[in-house]
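Secondary and tertiary structure notes
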Amino acid sequence: MIRLLGAALLVGGGTALGLCAAGRLSGRVEAIEALLEGLELMERELAFHLAATAQLLERAARASPPARDFFTACRTGMGQLGEKTMADIWEEALPLAGDIGRRAQLALGALGPVLGRYDGPGQQESLASAREELTGCLEQARKERMRLGRVYCALGAAAGAFVAIVLL
C-alpha cells in the first residue's frame, strides 16, 4: 500500500514539474502581451499628445503585470536622470519585464537610448519597430506554448512513472 502511494506521489510530482515548465511558457506569452500593451499606450500618447517621457512611462505603467513593474521602475528611475542616462535606467529595469526571452529583451532594450532623446516621430518609429519585433516574439512564444506545453506535461508524467516503476 505504501509503495503504491509512493508511486502515485512520484507520478504526481513529475506531472507537477511538467505543469510548472508549461506554466513558464504561458508566463512568457503573458509578459510579452503586457509589454506590447504598454508600448502601444506609449506610441498612442506620442502620436496624439507628444507627451514627455515621464508621462509616456506613467501611461505605460497602466499595462498588466509584469510590464507594469517594468514601466513603473523606469518612471521612478527618472528621478535620477542627472546621475544616470535614460538608457541606464531602462537597462536596469529590464529584468522586471519578466521572462520574455533574449530576442524580446534585445528589442525592448533598444528603446532605452531612444526615449526622450529624439523627436516625437523618431521615438514613434522606434516604438513601432520594437512593437513589431515583440509581436514576432509573441507569435513564437505562443507556438512554443502550444507545442512544448503538452510535451512538458507528458514528459513530467512519464518521468514520474518511470522512476516509480524503477523503484518498485
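Up top is the structure these notes are about.
Because the structure is a prediction, the values reported are computed rather than measured.

1. Focus: the nonpolar core
Within the largest apolar cluster, 36 residues are counted, with the highest numbers of intra-cluster contacts made by Leu35, Leu39, Met42, Phe70, Phe71, Trp90 and Leu108. Of the residues forming this core, the biggest block, 9 residues, is contributed by helix H1 (residues 2–49). Non-local contacts of phenylalanine 70, meaning those with residues more than four positions away in its chain, are made with Leu35, Trp90, Ala93, Leu94, Leu96, Ala97 and Leu108.

2. Side note on the pattern of salt bridges
One pass over the structure, following the stated rule, counts 11 salt bridges. One salt bridge connects glutamate 144 with arginine 28, and the closest N-O pair in it is separated by 3.9 Å. Here glutamate 144, found in helix H6 (residues 120–167), pairs with arginine 28, found in helix H1; they are 116 residues apart in sequence, far enough to count as distant. When its relative accessible area of 21% is taken as the criterion, arginine 28 is described as partly exposed. Residues arginine 59 and glutamate 45 are paired through a salt bridge, measuring 3.7 Å at the closest nitrogen-oxygen approach. Remark: glutamate 45 occurs in helix H1 and arginine 59 occurs in helix H2 (residues 53–60); sequence separation between them is 14 residues. Its relative accessible area of 25% is what places arginine 59 among the partly exposed residues. The network of salt bridges with shared partners includes Glu40, Glu43, Arg44 and Arg131.

What counts and what doesn't
Residues numbered from 1 in each chain as written. Predicted model: local features only at pLDDT ≥ 70, side-chain atom pairs only at ≥ 80, totals over all residues. Heavy atoms only, no water. Core = buried A, V, L, I, M, F, W, Y, C linked by side-chain atoms within 4.5 Å. Buried < 20%, exposed > 50% of the residue type's maximum accessible area, 1.4 Å probe, protein only. Helix = DSSP H or I, 4+ residues; strand = E, 2+ residues; numbered from the N terminus. Contact = heavy atoms within 4.5 Å. Salt bridge = Lys/Arg side-chain N within 4 Å of Asp/Glu carboxyl O.

By themselves, these observations are geometric and do not establish any function.
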